[in-house]
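So the chains spell out like this:
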Amino acid sequence: KTFNDLAKDPARYKIFQESFSQCLKLGVYEDNANRSSIIPLLRYYSSKSGDNLTSLDEYISRMKPGQRHILYITGRSKRDAAKSPYIEGLKQEGYEVLYMFDPVDEYAVQFMKEYQGNELMTCMNMEATRLLDRRTEDDVKAELNPVRRCIEAALAGKVRGVSLGKADGESVGRVLESQDGDLPTLELNFKHGLVRELAKRSDEDSETAHIAEFLLQAATLDGADQDDPRRDEAAEMTQNLIQRLSAGERDSGGEDLPPLGGPSPPAIEISNGASDKIKDMELLSCGRVVRIVKPDRSRRAMISFVDEDEGTIDVMYPKWGGGEEEEEGIKNKHVQKLLDFELAGGAAKDSGAQAFKDNFYKTASAVKEEGNSLFKLKDFEAAHERYTVAIEAFVKRPFSQGQQVLVICQNNGKPELVCTSVASRDAEGSCELRNGQEVPASALLPVLQELLPLETSLFMNRARCRQNLGMHLEAAQDLSAVVALWKACDRRMLEADPEMKEAEAKGLYTAEYLRARSRLTLGLIKQASLDVKDALARNPPTATVKQLRELKAEVQAAQEKHRQVNGPLAKELAKVAIFVRGGPKIS
């Protein structure tokens, strides 16, 4: 009753929805007993609601005569849903479409089969397409125009333009040579299933450029000889595209295993000069290195110009691994001096510092705390560098016969991170392992039982930095190291030490949760689902269970979207693969 009373005030209820809409939607699929009471409380944006939210009851009151379905479309954002090519024709015919862009929506709607006698139906459904049977060829071409422009942009410099035409047989398109010697025109078969499926994807889709290249190559084969060598190249390109589109449903390919023995992550080379000179410099001085602090992120920068009258400065941000620096003009209030330990060089400047040899645990712990201080300031680049110094010091620790290590090996053709031990080591640093492998010492990650809490926390913290910097593949690699290290922990030691056992459990479910987040971002949906399942099985605390369930809903929604969008597209590509090989017609 309280919620129903609140819903009578649209302004107040909109504020409530912004904060608690996910909770209501989680209730739709979790609370079977109260589902029928929760559904009327849901609110969505729609093609007719503008900036206001609408209820299902309000939607029904506006339905067209004879309409028996509540139509909806999913997307990554309101803008993405509103631009979906699935809904253009429906909107033109006067149908209202609900926009579902919350990650939970695609899963919750599966428990909303009908409402008030009206079936909920996605605009991707063939039944929705049948509502538009009166469309002409010009109408269809108009709906495909956004994807035509997108392909044209992707092929800029290779074709004069992209047009929509009608081809015979199974050809996805043809190349029309220019009469004046200019670039050719790519004419796509607007009736081809592949073109239709492409139109259903967002214009920001990362695969569009690859598919555009393939369309051009496939079109060049229209009328080509059966033994044309270009057919094999086009077929291989098709398979690569299908594999990428199927990445969300495949098992791990080892891409998110830590690159043991690989190059060190980049660091920013930035110098303030002698530390005693810095103390005498004013904060706002040309040539001084400072920290630029903003709400979402902080970064180190060098002041290049000071405008005392305007109260602003120009700064140069150095880039990781070199490259051109970024320049920005900002207000003085965003400027802070570097932390004292940064000016003094920190507990250890690099992984080879003498301090690690004198007292490894104390130095590694101090470097970690320096990273934590920088992370709190949201300077993820600087924190990343501190954590990396300590991680590399772990990797470089000398070890001998019997030392436990992690190494990447093949298991039935799949790479895995496994724990074994060193059988022998020669003078050149090559190690023979007890599992039969022979690898350089640099390709091993030592498992130091007594230091596991410290070692794993360094990888975990660096992974958090990488996630904030958008480096999700690298973050997943660090989190894979955390999981493997804890799984290598001595069982007897865990049973004898309750604190260590608690640290192991927390380390595993936290790493699996974070890795699932990164894997989902990378499109590795199946692997993200396995991480969530494993984390929930570890009996985490209530707050973490809630986070995992919300993530589980996002993963399930991504799986459903993958099946709805990538599945049909991969199927159409498979048909084209047969055509480009010169095989028989397939329907």
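The preceding data block contains the structure.
For clarity, every value in this text was computed on a predicted model and none was experimentally measured.

A.B. asks: Explain the sheet that holds strand β8 (residues 185–189) to me, and be specific about the residues and the numbers.
C.D. replies: Here three strands make up an open sheet; going across it, the order is β6-β8-β7 and the pairing mixed. Of all strands in the sheet, those with a lone pairing partner are β6 (161–165) and β7 (173–176), marking the two edges. Across the sheet, the mean angle from the axis of one strand to that of its neighbour is 25 degrees, orientation sign disregarded. Relative to β8, β7 is paired through four bridges, and the arrangement is antiparallel. Opposite R174, over in β8, you have E187 as the bridge partner. Of the strands in this sheet, β6 and β8 touch helix α9 (residues 137–154), which is tilted by about 155 degrees from β6.

A.B. asks: Explain helix α17 (residues 380–396) to me, using residue names and the numbers behind them.
C.D. replies: Count 3.6 residues to each turn of an α-helix, and residues three or four apart come out pointing the same way. With 17 residues, α17 should cover 24 Å at 1.5 Å per step; its first-to-last C-alpha distance of 24 Å lies within 8% of that length. With 15 of its 17 residues buried, α17 lies for the most part within the structure.

A.B. asks: How would you summarise unusual backbone geometry if you had to cite specific residues and measurements?
C.D. replies: Although it is not a glycine, K378 adopts a positive phi angle of roughly 65 degrees. With respect to the element layout, K378 can be found in the loop between α16 (360–376) and α17. Within the chain, N539 stands out as a residue other than glycine whose phi angle is a positive 55 degrees. When you line up the elements, N539 lands in the loop between α22 (525–536) and α23 (542–580). On the basis of relative accessibility, which here comes to 67%, the residue N539 falls in the exposed class.

A.B. asks: How would you explain the nonpolar core if you had to name every residue and give the values?
C.D. replies: Note on soluble globular proteins: their nonpolar side chains tend to be buried together. Core analysis: the biggest nonpolar cluster contains 57 residues, and F356, F394 and L406 have the highest contact counts within it. Mapped onto this core, the elements with two or more residues apiece are α16, α17, α18 (452–468), α19 (472–487), α21 (498–521), α22 and α23. The element that contributes the greatest number of residues to this core is α17, accounting for nine residues. In this structure, F394 is in contact with F360, A364, P446, L448, L451, L454, E455 and L458, ignoring residues within four places of it in sequence. Among the nonpolar cores identified, the runner-up in size contains 41 residues, and L56, I70, L71 and L90 belong to it.

A.B. asks: Describe the pairing of β8, with residues and values.
C.D. replies: Most of β8 is tucked away: four of the five residues are buried. Where β6 lies against β8, five bridges are found, and the strand directions are parallel. From the neighbouring strand, G165 faces β8, where its bridge partner is N189.

A.B. asks: Lay out the packing of α19 against α21 in plain terms, naming residues and giving numbers.
C.D. replies: α21 packs onto α19 with a crossing angle of 155 degrees between their chain directions and a minimal axis gap of 9 Å. Of the possible angle classes, the one that applies to α19 and α21 is roughly antiparallel. Relative to α21, the crossing made by α19 is left-handed. For the pair formed by α19 and α21, the contact residues are H472, A475, A476, L479, S480, V482, V483, W486 and K487 on the first element and M500, A503, E504, G507, L508, A511, E512, L514, R515, S518 and T521 on the second. Of the residues assigned to the contact of α19 with α21, the class counts are eleven nonpolar, five polar and four charged.

A.B. asks: Can you tell me about the pairing of strand β11 (residues 312–317), naming the residues and giving the values?
C.D. replies: The side-chain alternation of β11 yields one buried face, formed by I313, V315 and Y317, and one unburied face, formed by T312, D314 and M316. Taken together, the five bridges between strand β10 (residues 298–307) and β11 define a ladder with antiparallel strand orientation. Across the sheet, F305 pairs through a bridge with D314, a residue of β11. Between the antiparallel neighbours β10 and β11 lie four residues, among them G311 with a positive phi of about 70 degrees. Alignment of β11 against strand β12 (residues 326–331), held across six bridges, turns out to be antiparallel. Looking at the pairing, D314 lines up with G329 of β12.

A.B. asks: Can you break down the environment of Q547 residue by residue, with the values?
C.D. replies: Tracing the sequence through the fold places Q547 in helix α23. Here Q547 falls in the partly exposed class, since its relative accessible area comes to 38%. Through-space distance from the C-alpha of Q547 to that of Y513 is 8.6 Å; in sequence the pair is 34 residues apart.

Parameters at a glance
Residues numbered from 1 in each chain as written. Predicted model: local features only at pLDDT ≥ 70, side-chain atom pairs only at ≥ 80, totals over all residues. Heavy atoms only, no water. Pairing = 2+ DSSP bridges. Helix = DSSP H or I, 4+ residues; strand = E, 2+ residues; numbered from the N terminus. Axes fitted to C-alpha atoms, helices over the stretch in contact; angles between N-to-C directions. Contact = heavy atoms within 4.5 Å. Expected span 1.5 Å × (residues − 1). Buried < 20%, exposed > 50% of the residue type's maximum accessible area, 1.4 Å probe, protein only. Core = buried A, V, L, I, M, F, W, Y, C linked by side-chain atoms within 4.5 Å. Parallel < 35°, antiparallel > 145°, perpendicular 65-115°, else oblique. Left-handed = near helix turned anticlockwise from the far one by under 90°. Nonpolar A, V, L, I, M, F, W, Y, C, P; charged D, E, K, R; others polar.

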